[in-house]
Amino acid sequence: MVSLNSLKAELKKQTDKSPEKFYPVKTLKENGFHRAHCASCGKYFWTTIESKLCGDPNCSGGYTFIGQEVAKKKMDFIQVWEEFSKTFKKLGYAPIKRYPVVARWRDDVYWNNASIYDFQPYVVNGEVEPPANPLVVPQPCVRFNDIDNVGITGRHYTSFIMIGQHAFYEKKKFNQEKYFEDILVWLEKGMGLKKEAIKFHEDQWGGGGNMGVCMEFFAHGLEIGNQVYMTYEVTESGKLRDLKLNVLDMGMGQERPAWLTHGTNTSYEANFPTVVKELYGQTGIRPDNDLVRRFLPYSGLLNFEEVGNLDKTWKEIADKLKVDVKKLRDEILKLSAIYSIGDHTRTLLFAISDGALPSNVGGQYNLRVLYRRIIDFIKKYGWALDLEGIIEMHAKYLKPQYPELRKNLEDIYKILRVEREKYDNTANKSRKIVQQLIERKEKISDDKLIELYDSQGITPELIEEEAKKINFQVKIPENFYARVAERHPEVQTKKEIVSKEINVSGLRESYPLYYENTKLFECKSKVLKVIGKYIILDKTIFYPTGGGQSNDIGTLNGIKVLNVEKIKGVILHEIENPRVFKVGQTVHGVIDSERRMHLAQNHDAAHILGGATRKILGEHIWQSGSQIDPDKGRLDITHYTNLTDIEKYEIEKLANKIVNGKHKILKKFTPRNEAEEKFGFTLYQGGAVPGKLIRVVNIQDFDAQACGGTHLDNTSETEGIRIIKTEKIQDGVIRLVFVAGKVLLEEKEFSEKELIKSTVIGLEKYGVKLEKVSLEDLGQTAKVFSVKAVDLSKTLERFFSEIRENSGRTEDLEKLLGLKGEKDDKQFIQSLNKTKDLGVIAKLIFEHWKAQRKQINELENRYTSKIVEDLFVKARPLGDYNIIIGHVGDFGLAIRAAAVATQKETSAIVIISSETKAICAVGKDAKLSAREVLNTLIPNAKISGDSGRAVADQKLSISEEEALTKLEKVLE
Ligand SMILES: [Zn+2]
Ligand SMILES: [Zn+2]
């Protein structure tokens, strides 16, 4: 495989030699540009003035527009897109609406990184027509690899708007000179830059198997944008081949023109001016403008991706500015915290508005990192910031360009409040761990710091704070957050599970009849091939497992179809006896219609519940997974906390309103653009779907999703929906388990009735009579014992049998103590029958059981004291010891007695035999091993325990006198 870099180098050789074959040289020359060679970096560039250096800040000495007025007019952020779209509309481009920042239409990435992402893969590969051609788009993009640079360099962001200029044409119609000229119009007329200030770089571009050349454009040391002409395809042998469809991919950060024309110290001040001003106000920070301005030309040197030793770089910069390095660093870092908060809140606004949630899952983890970083800054500097107010201010400022951002503000606040709670909880838990860690005063490695953050949410700031208290230094790597983000891959690559033994190559895709008619239960098909136990048909009504829905089962010519799978479009029927089938034969297929209907009802219900949760809980709800089985369905949604009973009730209510509202369910293959235009990107609930045509399941006036499952024609056919349970299955994902359809609903009802019945009958066995019991009663009562409702009957039974045992035990103990010893549970049962309330009954049972245990304990203590008293009467002094040998029938009591006796008399050696076992305990002043004692007295027994207390598995069979004699020998 030839590397991309060597391909680029190869291409560069050609472009260096004959630029006219690759770049818009005609237009450049017509406009007075000539080609020059940079004395610093060696690249070719185009300029209208005599210049030995290209426009790159590294070559020509940084930014030269700060504090200057380099353009005829100042454009604020919003005006940039207004001007740009106006200019390009006149030039023949159609301005289109932005795509979401979460790239739902793709399964290879999570976040939208660039405007060209909007058109990958299907427009770029020519499969789907672009929404307009040529077009311009203001695409918000998020990138998290520069988190640590944000604020410091004055130009890095975690989200920015990439203004895209795109065209998709075959080679003949691809008009490079025009696209370039249009950019020149924008720079000169749109932005009002002087021609002399503009420089174009020749460069090469490659990615995703495609290549091309590009022109980067600079002014006053700032790169404004890059126009890429994607014209080649890289062949397997590493050669370049002309692409059928040439693609124009110009990207310009909307932030750049605003900054350049304002000449502010940092680009943040020009791009979210209201927010920066508010942040200055709320924190009371006034930037030291002079210091910042002097620092800024060097800020680029602190780019974390490019610098090895940051401490050294800070020092070098401070020396050059003749200021104290600590003062410089403190001042700059404090300001960068403010700008980071400005940037991060804007990213959170875009991302959460578009349906992402801060969590531990994949790409969304970055949002958690951003939010926690904000909180850490606030804590570190002791600021009292109104974050919600700041987010609202962003939304207000961005309203002319993105009015949709104001729609979900309340939800965003709610989500962030929950995120704050989660963070505070971890912080409290972590404090202890951190204290233990730093008390050891060992160096904490970078990896350990990252691991602590990642696995337990312990921030390096917290570690630093705790370390400071004991004057211990902890060093935090400056690219900390980028390294954390690296550990969380954005998307898990999904792989098709293909059974190795089945080779379907050469077979055409099977024709699925289930798309057209869900209620087609029988059909005639032709056998195309028999592979092992699998039959392949020309067309089929059997739905194969896929899209979260279980397969159909049924028969082919009366022989059972056990399973149905799909591999590369070929549907495989696993059959009980494949030998009777021959290629070319016509077969009669019948599916299990009842199963099919249950599957369809449950699948309809999944879509209805999806729509209902979004309406009740908010736009952040996305399907994160689903499984449709004939007996129940499962829908996993992205949500920050488990559902309350009220929310569950509201969702169920709305879902059944849709069922009863008789909404039509339309299923139609629709061109991708048309579907996205009409229904929006919420179509992709089940993930990205391939192809030019999308099957849209449209529940009229309610919900539309891309889906290949079997659905009914009207919501009323779903017959009713019931949520059986909800649970949090991972951070940010809630599972709803549900049933639909009369049969399943009745079954559910029936099983509930069964449950109630079994509980009532269980109680009747013990003489407790109940009248009406509801499912709610059962649930409440189960809580008394901390068990599930289904386990209540078992639990009650266990308590009743223990209560009986307890009564017996009490009776025995009372007899042993010479008390009256008559116990009977009649009175207790009578007290239960005084109420009809299951909850009260449960409490009475539990209380009675507790009282019994207490009484037994007291009686046992009393009886033990009595035994010990009796034993001490028989105590025999032997040397320094007091030997006590006795018999207690109950082994449990024997153990208690031995323990009490050795506590009372610390030089005692106590041997007590029960009916089956013997125990020996020695007091702490008796220097003899209990094991040794038992070994001596019962040589054949198995001994367990230790030197203080041991048990023999046999009773003492010699007399007390004999035992004493034996012990005397040992003690000598
Ligand atoms: Zn250069
Ligand atoms: Zn579906």
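Every value quoted in this text rests on a predicted model; they were computed, and no experiment measured them.

Moving on: the sheet that holds strand 9 (residues 240-253). Strand order in the open sheet formed by nine strands is 1-2-6-7-8-9-5-4-3, with mixed pairing between adjacent strands. Looking at which strands have only one partner, the edges of the open sheet turn out to be strand 1 (34-37) and strand 3 (94-95).

The coordination sphere of the zinc ion (ligand 1) contains the protein donors Cys38 (SG), Cys41 (SG), Cys54 (SG) and Cys59 (SG), at a distance range of 2.2 to 2.3 Å. Here the zinc ion (ligand 1) is ringed by four donor atoms whose angles at the metal span 105 to 117°, and the overall shape comes out tetrahedral. Of note, the donors binding the zinc ion (ligand 1) are all from one chain and are spaced C-x2-C-x12-C-x4-C. The same class applies to cysteine 54 and to cysteine 59, which are both buried.

Right, let's get into the packing of helix 13 (residues 387-398) against helix 14 (residues 409-439). Each pair of packed helices can be described by the angle between their axes along with the distance between the axes. Between helix 13 and helix 14, the shortest axis-to-axis distance is 11 Å and the interhelical angle comes to 145°. The two elements helix 13 and helix 14 cross, and the hand of that crossing is right-handed. In this structure, helix 13 contributes Glu388, Ile391, Glu392 and Ala395 to the contact, and helix 14 contributes Leu409, Tyr413, Leu416 and Arg417. Here the contact of helix 13 with helix 14 is built from residues that sort into five nonpolar, no polar and three charged.

On average, residues of the protein chain score 88 in pLDDT, and 98% of them are at 70 or above. This stretch, residues 493-498, has a pLDDT under 50; its non-local contacts, to residues over four places away or in other chains, come to five contacts.

It is worth spelling out the sheet that holds strand 18 (residues 623-628) at this point. Taken in spatial order, the four strands line up as 18-19-24-23 in an open sheet, and their pairing is antiparallel. A single partner strand is all that each edge strand has here, and the edge strands are strand 18 and strand 23 (721-730). The mean inter-strand angle of the sheet, taken between neighbouring strand axes irrespective of direction, is 15°. Pairing of strand 23 with strand 24 (residues 733-740) involves eight bridges; the strand directions are antiparallel. Opposite arginine 722, over in strand 24, you have valine 739 as the bridge partner.

Evaluation of the coordinates by the stated rule reveals 40 salt bridges. A salt bridge links arginine 106 to aspartate 108, with the shortest nitrogen-to-oxygen separation between them at 2.8 Å. Judged by its relative accessible area of 11%, arginine 106 falls in the buried class. Measuring nitrogen to oxygen at the nearest pair gives 3.0 Å for the salt bridge that ties aspartate 311 to arginine 329. Remark: arginine 329 occurs in helix 11 (residues 325-353) and aspartate 311 occurs in helix 10 (residues 310-321); sequence separation between them is 18 residues. Take aspartate 311: its relative accessible area is 35%, and that puts it in the partly exposed class.

Next up on the list: the domain arrangement of the protein chain. Entries for the protein chain in the domain assignment read domain 1 (4-271), domain 2 (294-436), domain 3 (511-591), domain 4 (596-740), domain 5 (768-857) and domain 6 (874-971). Each of domain 1 and domain 5 was reduced to a C-alpha centroid, and the two centroids are 79 Å apart.

Attention now goes to the packing of aromatic side chains. Scanning the entire structure with this criterion turns up 36 aromatic pairs. An angle of 85° between the planes, with centres 4.9 Å apart, marks the rings of tyrosine 110 and tryptophan 111 as edge-to-face. Across the pair, tryptophan 111 and tyrosine 110 agree in class, each one buried. Among the aromatic side chains, those forming a connected cluster through ring pairs are Tyr99, Trp105, Phe119, Phe168, Phe681 and Tyr684. If you follow arginine 98 out to its NZ or CZ, it ends over the ring of tyrosine 402, 5.4 Å from the centre. The ring of phenylalanine 891 has lysine 917 lying over it, and the distance from NZ or CZ to the ring centre is 4.6 Å.

Basis of the calculations
The residue count restarts for each chain, going from 1 along the sequence in the order it is written. Both sets of labels track the order of writing: A upward for chains, 1 upward for ligands. Local features in this predicted model are restricted to residues whose pLDDT is 70 or higher, and side-chain atom pairs enter the listing and the counts only when it is 80 or higher, whereas totals over whole chains, interfaces and linings include all residues. Only heavy atoms go into the side-chain values, all of them from the structure, while hydrogens and water stay out. In this scheme, strands are said to pair when DSSP sees at least two bridges between them. Comment: elements are numbered from the N terminus, with helices defined as DSSP H or I runs of at least four residues and strands as E runs of at least two. For Na, K and Ca the donor cut-off is 3.2 Å; for every other metal, N, O and S atoms count as donors within 2.8 Å. Water does not enter the count, which can leave sites looking incomplete. In short, tetrahedral needs four donors with all angles between 85 and 135 degrees, square planar needs four and octahedral six donors with opposite donors over 155 degrees apart and all other angles between 65 and 115, and whatever is left is irregular. Per-residue accessibility, obtained with a 1.4 Å probe over protein chains only, is compared with the maximum for each type, and a residue is labelled buried under 20%, exposed over 50%, and partly exposed between these values. Lines fitted to C-alpha atoms define the axes, with helix axes restricted to the stretch in contact, and inter-axis angles between N-to-C directions lie between 0 and 180 degrees. Left-handed describes a crossing whose near helix is turned anticlockwise from the far helix through less than a right angle; right-handed describes the clockwise counterpart. Only heavy atoms enter the contact rule, under which two residues are in contact if any of them lie within 4.5 Å. Each residue gets one of three labels, nonpolar for Ala, Val, Leu, Ile, Met, Phe, Trp, Tyr, Cys and Pro, charged for Asp, Glu, Lys and Arg, and polar for the others, Gly among them. Scored between 0 and 100, pLDDT is the confidence that the predictor attaches to each residue. Put simply, a salt bridge is a Lys or Arg side-chain nitrogen that is within 4 Å of an Asp or Glu carboxyl oxygen. Start and end points for every domain follow an automatic or database-based domain assignment. Working definition: a ring pair exists when centres of Phe, Tyr or Trp rings (six-membered ring for Trp) sit within 6.5 Å. Plane angles under 30 degrees give stacked, over 60 give edge-to-face, the rest tilted. Charge-over-ring placement is defined geometrically: NZ (Lys) or CZ (Arg) within 6 Å of the ring centre, and within 35 degrees of the ring normal.

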